[in-house]
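A structural walkthrough
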Protein chains: 2
Amino acid sequence: MNDKIFNEVSNGIVDVPGFKVAGVACDIRKKKKDRLDLGIIFSKIPCQAAGTFTENKVKAAPVELCMQTLNAGNSFHAIVVNSGNANAVTGLQGVIDAKLMQSLTAELCSVDPGSVFVCSTGKIGITLPMENIKNGISAAVEALSSENQQGENITKAILTTDTRTKKATIKINLEEGKVITIGAIAKGAGMIQPNMATMLSFIATDAQIEGSLFQEILKSAVDSSFNSITVDGDMSTNDTVLALANGNSGIEVNRANEVIAKNFSQALVQLCQDLAYQIVSDGEKISKVVEVVVVNALSKVDAEKVARTVGNSSLVKSSWYGADPNWGRLMGALGCSGAEIKPEKLNIQYAESVKPFSENFSNTVDIIKNGEPCYTNETEWDKLVALERFIVFIDLNLGKEKFHLISTDLTPEYVSYNKSEK
Amino acid sequence: MNDKIFNEVSNGIVDVPGFKVAGVACDIRKKKKDRLDLGIIFSKIPCQAAGTFTENKVKAAPVELCMQTLNAGNSFHAIVVNSGNANAVTGLQGVIDAKLMQSLTAELCSVDPGSVFVCSTGKIGITLPMENIKNGISAAVEALSSENQQGENITKAILTTDTRTKKATIKINLEEGKVITIGAIAKGAGMIQPNMATMLSFIATDAQIEGSLFQEILKSAVDSSFNSITVDGDMSTNDTVLALANGNSGIEVNRANEVIAKNFSQALVQLCQDLAYQIVSDGEKISKVVEVVVVNALSKVDAEKVARTVGNSSLVKSSWYGADPNWGRLMGALGCSGAEIKPEKLNIQYAESVKPFSENFSNTVDIIKNGEPCYTNETEWDKLVALERFIVFIDLNLGKEKFHLISTDLTPEYVSYNKSEK
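1. Focus on the overall build of chain A
Across its full length, chain A holds eleven helices and 17 strands. Here the C-alpha atoms of chain A give a radius of gyration of 22 Å, agreeing with the 22 Å that 2.2 N^0.38 yields for 422 residues. In terms of its C-alpha atoms, chain A occupies a principal-axis envelope of roughly 70 × 55 × 35 Å. Sorting the 422 residues of chain A into buried and exposed places 61% on the buried side. In chain A, once contacts between residues fewer than 6 apart in sequence are set aside, the share between residues at least 24 apart is 80%. When the accessible area of chain A is evaluated, it comes to approximately 15200 Å², of which 47% is carbon and sulfur surface. Computed over 41 positive and 49 negative side-chain charges, the inter-centroid distance for chain A is 4 Å.

Set out below in structure tokens:
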């Protein structure tokens, strides 16, 4: 009872009763005809929705439109999404094109335009090829299905430089055999830093939940998952997480029933962390995933500053790439985070990661004790930094706040890969 | 009259009358016997001093000692400096060793210990090989000279991963044939971001100047030079700029004579900018120097935020490396700086750099006008980004404040080079 169990094989959104999806190819990149690049998520039952969006001041046209749609609407039916072109930095034409995607999808699905969200991801600064997009939307609406094949297609249609599809499904087993399902898909890869990453994630559930509570629970889940990862410290113009709840299960999630609300909230955190880890471990040309856990900071803000300064330092990330047990760069980075630290109180350990975002570690090795290097542990430390996943555990010994960031190394291949978009 | 002229051939500190220097080899790295690694700067005439130090909360022992020495003392005679070992994150032993370097140098130079500054640069987390250091100090005091050979030796002795020595001399020609000389040396290379960079710079002058005015003028010159460059966004534990004024010229710089004070101040800015540019253009494995000029920001802080976010973005720096005319990453980066911006008011130009830190550009090309890309200029833009030096000029069109940052590209070689210190 009250178990939350991940599906062993997830089919993403189509695991959730009442949702149909489709992923089609409409040649948005104008050079890869067969590449899936447009998708639709649809629920005939009207949904409540929640969303979180990039905090970048340069927001793509579809992001602005999503925010307006979410604020203005009461019930929602669909998300239309394309990859290959972000429709960002595209001026007035971009706004017109995003609205056209919205109205076309609405018309073909026989729903109100205000119930359709629009998302785009890909190259910045180029207007959308609208003829291709129109063909794509028609084909996608035709193909809408709750079968696994289209479930697979849409996970592929949203990818850009990702090398793998990203999806997860979690079931919450409540009393009397009642079950809530949450299914989700995501894309990531580059420009991955918080608020949000260059990422899209779409979440569907058959729970029945009121909009403002849904928003609150989603925001909190996103903060401890998608907003706690970094690949390259860059924040995108298009980051969006959208969640739809169609109420198909008949189970109500509300503030009155704390048990169900807590279970739903925990399940959403687990689902989002699972997807966030899928994103960071498929970061562009990375070779290692490193979790930076900062504890006992004076404030949450300080804990996050230290974690991000360490997790985004080019020198620290280069040493992770080289499996170099390097305390100098670590100390250098955390001293310039702007957070309150006292070097003489610092303890740092490296450890083996047991499970992403977990605080259970194994094979812990002391690196810095009271601000001074532990020279004798270097052999053990060498073994840890050679792993593909490890933990850097930083105890500031000043207060009670913590932050858990999942980062990666920086590789020469990342730079070569990103040297040109031509 | 009132001309400020750079020496065509600089010999650094020894160009300044009354100063002697030496650079010797004492095998601090314990594998490169002949590599020069310890230096002393000495003035028999007591000097006024000024200094600026890293804002990193993890400060090396010699940095703490320099700050104490500067605060406690009234007159100063010497700087002793070693490379190969930063004496940082070395606990109590580090403090003892730094003080021993100070007292040994003072004894052999027959001056008060409180008149000697100590600086170290190199690997972090390893205690100094004090026997070698002692031998080095003895040899350096023996070798002190105002000849060019030792002038050259000390510029080499302070280098770490630098590929070139860094020095500059400027003469201020005043009325009646009076001349003030300022000579300086520096080292840089990695961990180069402000406040300060992993850098040391030593400045000597024969002006006669009172300590608090000297400090004020130095601080201002450092802000618009050494604190306005970035290679990798990392800030070191050891950054130090120290300036000594022995008054040997008999020319007084004071608040009463505005003409002389202004000339001295401008000359110091020019000298520091010259050295800062030498540091950034010798950044570890860089291939391009890019000046990011942000104008018309609402505040100075905003202008600096935008410049640093653009100049430290891994994605933007990778595109510079690839000579890719990429507005998407630029817009993405500047939207997430935290500064107030209005995308629709933004104008961005690329241009050819005429002279570092100057605001005269040539061959200006519009990239973004009122927030939208200028597609027609791509051929011209292609030519600019292929250069080894260019300007990114960002007009926020909101206020009146500006910031000028000199940055570099990010190369695969930087990552490979920094993957290990073993």
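2. Observations regarding the relation of the copies chain B and chain A
Laying chain B over chain A is done by rotating through 180° and shifting 0.0 Å along the axis; what remains is an RMSD of 0.0 Å. On the angle and the small slide along the axis, the relation comes out as a two-fold axis. Residue P412 of chain B of chain B places its C-alpha closer to the rotation axis than any other residue of that unit, at 2.0 Å. Taken as a fraction of all interface residues of chain B, those also at the interface in chain A reach 98%, which identifies the copy contact as same-surface.

3. Looking at the interface of chain B and chain A
Contacts between chain B and chain A engage 57 residues on the former and 56 residues on the latter. Where chain B abuts chain A, roughly 4400 Å² becomes buried across the two surfaces, and 57% of that area is made up of carbon and sulfur atoms. At the boundary of chain B with chain A, the tally comes to eight residue pairs in polar contact (both at pLDDT 80 or more). Residue assignment for the side of chain B that touches chain A shows that the elements contributing at least two residues are α2 (91–109), α8 (314–321), α9 (327–335), β15 (372–373), α10 (378–385) and α11 (412–417) of chain B. No other element matches α9 of chain B, which puts seven residues into the side of chain B that touches chain A.

4. Notes on helix α1 (residues 61–72) of chain B
Residue and element names in this part refer to chain B. With twelve residues, α1 ought to run about 16 Å at 1.5 Å a step, and its terminal C-alpha atoms sit 17 Å apart, in line with that. All of the buried residues along α1 are A61, P62, V63, L65, C66, T69 and L70. On its buried side, α1 packs onto β3 (38–53), β4 (76–85), α2, β5 (116–123), α5 (211–223) and β10 (240–245).

5. Some details on the domain arrangement of chain A
Frequently, the measure chosen for interface size is the accessible area that the parts lose on association. Residue and element names in this part refer to chain A. Partitioning chain A into domains gives domain 1 (3–281) and domain 2 (289–417). Placing the centre of domain 1 and that of domain 2 at their C-alpha centroids yields a distance of 33 Å. Counting residues at the interface gives 17 residues for domain 1 and 16 residues for domain 2. Here domain 1 meets domain 2 over a buried area of about 1300 Å², counting both sides, of which 56% is carbon and sulfur. Linking domain 1 with domain 2 are zero salt bridges. Seen at the junction of domain 1 and domain 2, the total is three residue pairs in polar contact (both at pLDDT 80 or more).

6. Description of the state of the cysteines
All names here are of chain A. Within the structure shown, the criterion is met by zero disulfides over all chains. Distance from the sulfur of C66, which forms no disulfide, to the nearest cysteine sulfur (C119) is 4.0 Å. Since its relative accessible area comes to 0%, C66 is described here as buried.

7. A look at the packing of helix α2 (residues 91–109) of chain A against helix α3 (residues 130–143) of chain A
Residues and elements named next belong to chain A. At a minimum axis distance of 10 Å, the contact between α2 and α3 shows a crossing angle of 25°. Put simply, α2 runs roughly parallel to α3. Along this stretch, α2 crosses α3, giving a crossing that reads as right-handed. From α2, D97, L100, M101, L104, T105, L108 and C109 reach across to α3, where they touch M130, I133, K134, I137, S138 and V141. Of the residues belonging to the contact of α2 with α3, the class tally is nine nonpolar, two polar and two charged.

8. Regarding the pairing of strand β10 (residues 240–245) of chain A
Residues and elements named next belong to chain A. Burial analysis of β10 places six of its six residues in the buried class, which makes it a mostly covered element. Burial along β10 is two-sided: the residues T240, L242 and L244 and V241, A243 and A245 are all buried. When strand β3 (residues 38–53) meets β10, the two strands line up antiparallel, connected through six bridges. Residue pairing for β10: T52 is matched across the bridge by V241. Summarising the sheet, strand β8 (residues 200–205) and β10 pair through six bridges and their orientation is parallel. Its bridge partner being in β10, A204 is matched across the sheet by L244.

9. Structural notes on the sheet that holds strand β13 (residues 347–353) of chain B
Residues and elements named next belong to chain B. Here we have six strands laid out as an open sheet, ordered β15-β14-β13-β16-β12-β17, and mixed in their pairing. Strand pairing shows two members of the sheet lacking a second neighbour, β15 and β17 (401–408), which therefore form its edges. Here seven bridges tie strand β12 (residues 289–297) to strand β16 (residues 389–395), and the two strands are oriented parallel to one another. Looking across to β16, one finds that V295 is bridged to D395.

10. Structural notes on the packing of aromatic side chains
Residue and element names in this part refer to chain A. Applying the stated criterion across every chain, the model contains 16 aromatic pairs over all chains. An angle of 65° between the planes, with centres 5.4 Å apart, marks the rings of F361 and F393 as edge-to-face. In this pair, F361 sits in strand β14 (residues 361–369) while F393 sits in strand β16 (residues 389–395), placing the two residues 32 residues apart along the sequence. Residue classification places F361 among the partly exposed positions, given a relative accessible area of 22%. F393 gets classed as buried once you look at its relative accessible area, which sits at 17%. Counting every residue linked through ring pairs, the aromatic cluster contains W320, W327, Y350, Y375, W381 and F390.

11. Comments concerning helix α6 (residues 258–281) of chain A
If you check α6 of chain A, its first and last C-alpha atoms are 34 Å apart, about what 24 residues at 1.5 Å a residue would give, namely 34 Å. Its side-chain oxygen placed 3.2 Å from the backbone nitrogen of V259 of chain A, N257 of chain A serves as the N-cap of α6 of chain A.

12. Things to note about unusual backbone geometry
You will see that E176 of chain A, though not glycine, has its phi angle at about 55°, which is positive. Even without a glycine there, the phi angle at V89 of chain B is positive, about 55°. Locating V89 of chain B in the fold gives a position in the loop between β4 and α2. Note on V89 of chain B: relative accessible area 8%, which makes it buried.

13. Side note on a nonpolar patch on the surface
A cluster of nonpolar side chains, namely L92, V95 and I96 of chain A, defines an oily patch on the protein surface of about 270 Å² accessible area. Take L92 of chain A: it is sitting in helix α2.

14. With respect to the pattern of salt bridges
Applying the stated criterion across every chain yields a total of 24 salt bridges over all chains. Measuring nitrogen to oxygen at the nearest pair gives 3.1 Å for the salt bridge that ties R255 of chain A to E216 of chain A. In this pair, R255 of chain A is assigned in the loop between β11 (252–253) and α6 and E216 of chain A in helix α5 (residues 211–223), connecting sequence segments 39 residues apart. Under the relative-accessibility criterion, R255 of chain A is labelled partly exposed at 48%. With a relative accessible area of 46%, E216 of chain A lands in the partly exposed category. A salt bridge links E304 of chain B to R308 of chain B, with the shortest nitrogen-to-oxygen separation between them at 2.9 Å. Placement of both E304 of chain B and R308 of chain B in helix α7 (residues 300–312) is noted, with a separation of four residues, approximately one turn of the helix. One network of salt bridges, in which partners are shared, links D162, R164, K166 and D282 of chain A.

Conventions we followed
Position labels on residues start from 1 in each chain and follow its written sequence. Key to labels: chains lettered from A, ligands numbered from 1, both in the order written. Since the coordinates come from a predicted model, pLDDT governs what is reported: local features require at least 70, and pairs of side-chain atoms require 80 or more to be given and counted, while whole-chain, interface and lining totals use all residues. Side-chain metrics rest on all non-hydrogen atoms present in the structure, leaving aside hydrogens and water. Numbering goes from the N terminus for both helices and strands, where a helix is a DSSP run of H or I of at least four residues and a strand is a run of E of at least two. What the globule rule says is 2.2 Å times the number of residues to the power 0.38, and the radius of gyration is computed from C-alpha atoms. Accessibility here uses a 1.4 Å probe with only protein chains present; expressed as a share of the type maximum, an area under 20% marks a residue as buried, one over 50% as exposed, and anything in between as partly exposed. Only heavy atoms enter the contact rule, under which two residues are in contact if any of them lie within 4.5 Å. Residue-level accessible areas treat just the shown protein chains as cover; the underlying method is Shrake-Rupley with a 1.4 Å probe. We treat Lys and Arg as the positive residues and Asp and Glu as the negative residues; His and chain ends play no part in the count. The atom standing in for a charge is NZ when the residue is Lys, CZ when it is Arg, CG when it is Asp and CD when it is Glu. Residues below a pLDDT of 70 in either copy are left out; the C-alpha atoms of the rest, at least 70 in both, set the least-squares superposition of the copies. Summed over both partners, the accessible area (1.4 Å probe) lost when two parts come together is defined as the buried area. Each polar contact in these results corresponds to two N or O atoms within 3.5 Å; when the atoms are within protein, one needs to be able to donate a hydrogen and the other to accept it, and residues that are neighboring in sequence are counted only if both atoms are side-chain atoms. What a helix should span is 1.5 Å times the count of its residues minus one. Residue ranges labeled as domains rest on an automatic or database domain assignment. Each salt bridge in this description consists of a side-chain nitrogen of Lys or Arg and a carboxyl oxygen of Asp or Glu lying within 4 Å of one another. Disulfides are defined as pairs of cysteine sulfur atoms found within 2.5 Å of each other. Each axis is a line fitted through C-alpha atoms, and for a helix only the stretch in contact is used; angles between axes span 0 to 180 degrees, taken between their N-to-C directions. With respect to orientation, any angle under 35 degrees is reported as roughly parallel, any angle over 145 as roughly antiparallel, any angle of 65 to 115 as roughly perpendicular, and every other angle as oblique. Throughout, a crossing is termed right-handed when the near helix is turned clockwise from the far one, and left-handed when it is turned anticlockwise from it by less than a right angle. Residues are grouped as follows: Ala, Val, Leu, Ile, Met, Phe, Trp, Tyr, Cys and Pro are nonpolar; Asp, Glu, Lys and Arg are charged; all remaining types, including Gly, are polar. For two strands to be treated as a pair, DSSP must find no fewer than two bridges joining them. Only the six-membered ring of Trp is used, alongside the rings of Phe and Tyr, when aromatic pairs are assigned; centres must lie within 6.5 Å, and planes under 30 degrees apart are stacked while those over 60 apart are edge-to-face, with the rest tilted. Only residues above 30% relative accessible area that lack a salt bridge enter a patch, with like-charged residues linked at up to 9 Å and the nonpolar side chains Val, Leu, Ile, Met, Phe, Trp and Tyr linked at up to 5 Å.

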